[in-house]
Amino acid sequence: MLLSRVLPLLLCATLSLIGCGGDPVSYSAPVGINLKAKSSDTTNGTVTTQKGISTESGNPYKVFVDEARQGLDGKSPSRVELTTLTLTLGAGSVGAASLAEVFTGRVDVLFLTEESNNTYVAGHVENPTGSGPVALVVDFDSEAMPDADYTRFLDGKFNVVLRGPAAASFTTKGADVDFQSTFAFTAFE
């Protein structure tokens, strides 16, 4: 008789722990970073541009991490998920009206950590078209980072790198383009 009462409680407790990945502590407002590229900067057929995540006005990434720490009574989140990532070609771009006029093939957005120079793929897209926003496949896993890089990541000590093969017309147009990569993060206890 006692077993029939305890078993359902034990089962519920076990099932709730199995799926336990921690509750989200903080969601970010979109964290955008603006990047620039010129046709003349294309090297070996690859368009590459980068910028520090903490350099944007108002430092929205720091705001996200600070709110997460506040929700954890001053402790850092144990992990951060990148939930969405988009790429947009800026309206002020000259010489390209579509991402297809800049890139062909796989385009990656990477996180390059300071000091260690380790690179982590944030997301990718194949043959982007239109001006965007274009959704990227999210590849980022903060739990795969060594502790020192994760600390740098939380401290905003990394660059966002945008890299992809140049479309043939991009290298000959004298283009000067603007991009925005927009991230949405979730922090966990």
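From a predicted model like this one, the values you see are computed outputs, not experimental measurements.

**What to know about the overall build of the chain**
Point 1. Along the chain, the regular secondary structure elements total four helices and 10 strands.
Point 2. Reading the chain from its N terminus to its C terminus gives the helix and strand order α-β-β-β-α-β-β-β-β-β-α-β-α-β.
Point 3. Classification of the 189 residues of the chain by burial places 41% in the buried group.
Point 4. A separation threshold of at least 6 residues defines the contact pool for the chain, and within that pool the share at least 24 residues apart is 78%.

**Thoughts on the environment of Leu 162**
Point 1. Here Leu 162 lies in strand S9 (residues 158-165).
Point 2. Through-space distance from the C-alpha of Leu 162 to that of Asp 108 is 5.9 Å; in sequence the pair is 54 residues apart.
Point 3. If sequence neighbours within four positions are ignored, Leu 162 has contacts with Leu 35, Val 47, Thr 48, Thr 49, Leu 87, Phe 103, Val 107, Asp 108, Val 109 and Phe 179.

**Here we look at the packing of aromatic side chains**
Within a pair of aromatic rings, the relevant descriptors are the distance that separates the centres and the angle that separates the planes.
Point 1. Evaluation of the coordinates by the stated rule reveals 15 aromatic pairs.
Point 2. Where Tyr 61 meets Phe 64, the ring centres are 6.2 Å apart and the plane angle is 50°; that geometry is what we call tilted. A residue pair is termed a helical-turn pair when its members lie 3 or 4 positions apart in one helix, as Tyr 61 and Phe 64 do in helix H2 (residues 60-71) at three residues.
Point 3. The class of Phe 64 is buried, set by a relative accessible area of 2%.
Point 4. Between the aromatic rings of Phe 103 and Phe 179, the centroid separation amounts to 5.6 Å while the plane-to-plane angle is 35°, which identifies the pairing as tilted. Of this pair, Phe 103 sits in the loop between strand S4 (79-89) and strand S5 (106-113) while Phe 179 sits in strand S10 (residues 176-188), and the two are 76 residues apart along the sequence.

**Observations regarding H2**
Point 1. Compared with the 16 Å implied by 1.5 Å per residue over 12 residues, the 17 Å span of H2 between its first and last C-alpha is a close match.
Point 2. When we look at burial in H2, the residues that qualify are Tyr 61, Phe 64, Val 65 and Ala 68. Each buried residue of H2 sits inside an arc of 90° when the element is viewed along its axis, so together they form one side.
Point 3. With its phi angle positive at about 55°, Asp 73 sits one or two positions after the end of H2.

**As for the confidence of the model for the chain**
Point 1. With 86% of its residues at a pLDDT of 70 or more, the chain has an overall mean of 87.
Point 2. Segment residues 1-21 is flagged for pLDDT under 50; beyond a separation of four residues in sequence, or across chains, it makes three contacts in the model.

**With respect to the sheet that holds S5**
Point 1. Taken together, five strands build an open sheet; the order of strands is S3-S9-S5-S6-S8 and the sheet is antiparallel. Edge positions in the open sheet fall to strand S3 (46-52) and strand S8 (137-138), since each of these has one partner strand only.

**Quick look at the pairing of S9**
Point 1. Here S3 runs beside S9; their pairing, made up of seven bridges, is antiparallel. Paired with Thr 48 across the bridge in S9 is Arg 163.

**Digging into the pattern of salt bridges**
Point 1. With the rule as written, the count across this model stands at 11 salt bridges.
Point 2. In this structure, the salt-bridge partner of Glu 115 is Arg 152, at a minimum N-O distance of 3.4 Å. Here Arg 152 lies in helix H3 (residues 147-154) and Glu 115 lies in the loop between S5 and strand S6 (119-126), a separation of 37 residues in the sequence.
Point 3. A residue is classified by how much of its surface remains accessible, and Arg 152, at 16% relative accessible area, is buried.
Point 4. We note a salt bridge from Arg 152 to Asp 149, for which the minimum N-O separation is 2.6 Å. With Arg 152 and Asp 149 both in helix H3 and three residues apart, the pair spans about one turn of that helix.
Point 5. Residue class for Asp 149 comes out buried when judged on its relative accessible area of 1%.
Point 6. Through salt bridges with shared partners, a single ionic network connects Arg 106, Asp 108, Asp 139 and Arg 163.

Each value, and the rule that gives it
- In this numbering scheme, every chain counts its residues from 1 along its sequence in written order.
- Two thresholds apply to this predicted model, a pLDDT of at least 70 for residue-level local features and 80 or more for giving and counting side-chain atom pairs, whereas whole-chain, interface and lining totals are computed over all residues.
- Side-chain numbers come from the whole structure's heavy atoms, not from hydrogens or water.
- Here a strand is any run of E in DSSP of at least two residues, a helix any run of H or I of at least four, and the numbering for each starts at the N terminus.
- Note on exposure labels: buried denotes an accessible area under 20% of the residue type's maximum, exposed denotes more than 50%, and partly exposed covers the range between, all computed with a 1.4 Å probe on protein chains only.
- In what follows, residue pairs with any heavy atoms lying within 4.5 Å of each other are defined as contacts.
- Here a pair means two rings of Phe, Tyr or Trp (six-membered ring of Trp) with centres within 6.5 Å. Their orientation is stacked below 30 degrees between planes, edge-to-face above 60, and tilted elsewhere.
- Expected helix span is taken as 1.5 Å per residue step, with the number of steps being one fewer than the number of residues.
- The arc refers to the directions leading from the helix axis to the C-beta atoms.
- pLDDT expresses, on a scale from 0 to 100, how confident the predictor is about each individual residue.
- When DSSP finds two or more bridges between a pair of strands, those strands are recorded as paired.
- The term salt bridge refers to a side-chain nitrogen of Lys or Arg lying within 4 Å of a carboxyl oxygen of Asp or Glu.

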